Amino acid sequence: MDHGDCSETLHELYHFLDGELTDEKRVLITEHLEGCPPCFEAFDFEAEIKQYVAQKCRDRMPDDLRARIAQAIGHAEPDASST
Ligand SMILES: [Zn+2]
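Residues numbered from 1 in each chain as written. Predicted model: local features only at pLDDT ≥ 70, side-chain atom pairs only at ≥ 80, totals over all residues. Heavy atoms only, no water.

Q: Sorry if this is basic, but what is going on with the overall build of the chain here?
A: The helix and strand tally for the chain stands at four helices and zero strands. Beginning at the N terminus, the succession of helices and strands in the chain can be written as α-α-α-α. Among the 83 residues that make up the chain, the fraction classed as buried is 27%. Intrachain contacts of the chain at a sequence separation of at least 6 include 56% that bridge at least 24 residues. (Helix = DSSP H or I, 4+ residues; strand = E, 2+ residues; numbered from the N terminus. Buried < 20%, exposed > 50% of the residue type's maximum accessible area, 1.4 Å probe, protein only. Contact = heavy atoms within 4.5 Å.)

Next up, the structure:
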């Protein structure tokens with residue numbers, strides 16, 4: 001199965017959430033998400049953010065969220081400094 005590249009998929013997620021992707025792309029992304037829990041979590045997370053941003057602040061988001069997005073996009077390991 002060709003699930004594509006994770007970081008690439010996550011980048012596409014931005015456009016997916018913005019409704020800028022073609023149906024074909026959506027299918028590809030959705031298929032990747034179903035086979036890739038890390039990306040699925042990132043998608044869920046970003047979908048939440050999109051809603052938050054759309055409701056609260058369209059033009060800017062808290063640095064916290066931005067940092068988390070950056071991590072999600074890079075599939076970076078979560079920093080263990082949350083204790
Ligand atoms: Zn993935």
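Q: So what exactly am I meant to see when it comes to the side chain of Glu-12 here?
A: In this fold, Glu-12 is placed in helix 1 (residues 6–18). In terms of polar contacts, Glu-12 uses its side chain to reach the side chain of Lys-25, at 2.8 Å. The residues contacting Glu-12, other than those within four sequence positions of it, are Leu-21, Lys-25 and Ile-29. (Polar contact = N/O pair within 3.5 Å; in protein donor to acceptor, adjacent residues only side chain to side chain.)

Q: Can you help me understand helix 2 (residues 23–35) in this one?
A: Because each turn of an α-helix spans 3.6 residues, side chains separated by three or four positions in sequence point in the same direction. The end-to-end C-alpha distance of helix 2, which contains 13 residues, comes to 19 Å, matching closely the 18 Å that a straight helix rising 1.5 Å per residue would cover. For helix 2, the set of buried residues is Ile-29, His-32 and Leu-33. Along the long axis of helix 2, the arc covered by the buried residues comes to 100°, so they all point the same way. Opposite the packed face of helix 2, turned more than 90 degrees from it, sit the exposed residues Asp-23, Glu-24 and Glu-34. Buried residues along helix 2 sit in contact with helix 1 and helix 3 (37–55). (Expected span 1.5 Å × (residues − 1). Arc of directions from axis to C-beta.)

Q: Explanation requested: the packing of helix 2 against helix 3 in the structure shown.
A: Helix packing geometry: the angle between the two helix axes and the distance between the axes. For the pair helix 2 and helix 3, the least separation of the axes is 5 Å and the interaxial angle reads 115°. Here helix 2 and helix 3 pass one another in a crossing that is left-handed. Residues His-32, Leu-33 and Gly-35 of helix 2 pack against Pro-37, Cys-39, Phe-40 and Phe-43 of helix 3. Of the residues that constitute the contact of helix 2 with helix 3, the class distribution is five nonpolar, two polar and no charged. (Axes fitted to C-alpha atoms, helices over the stretch in contact; angles between N-to-C directions. Left-handed = near helix turned anticlockwise from the far one by under 90°. Nonpolar A, V, L, I, M, F, W, Y, C, P; charged D, E, K, R; others polar.)

Q: For this particular structure, what's the right way to read the pattern of salt bridges?
A: Any two side chains of opposite charge can pair, so long as their charged atoms come close to each other. With the rule as written, the count across this model stands at one salt bridge. The salt bridge partner of Lys-25 is Glu-12, with a shortest N-O separation of 2.8 Å. Taken together, the positions of Lys-25 in helix 2 and Glu-12 in helix 1 put the pair 13 residues apart, joining distant regions of the chain. Judged by its relative accessible area of 32%, Lys-25 is partly exposed. (Salt bridge = Lys/Arg side-chain N within 4 Å of Asp/Glu carboxyl O.)

Q: Can you help me understand the coordination of the zinc ion in this one?
A: Ideal geometry at a metal centre gives angles of 109.5 degrees when four donors are arranged tetrahedrally and 90 or 180 degrees when six donors are arranged octahedrally. Within the protein, the atoms that donate to the zinc ion are Cys-6 (SG), His-32 (NE2), Cys-36 (SG) and Cys-39 (SG), at distances of 2.1 to 2.3 Å. Relative to the metal, the four donor atoms surrounding the zinc ion lie at angles of 97 to 120°, and the coordination shape comes out tetrahedral. When the donor residues of the zinc ion are listed from N- to C-terminus, their spacing reads C-x25-H-x3-C-x2-C. Look at His-32 and you get buried, because its relative accessible area is 3%. We classify Cys-39 as buried; its relative accessible area is 0%. (Donors = N, O, S within 2.8 Å, 3.2 Å for Na, K, Ca; no water. Tetrahedral: all angles 85-135°; square planar, octahedral: opposite > 155°, others 65-115°.)

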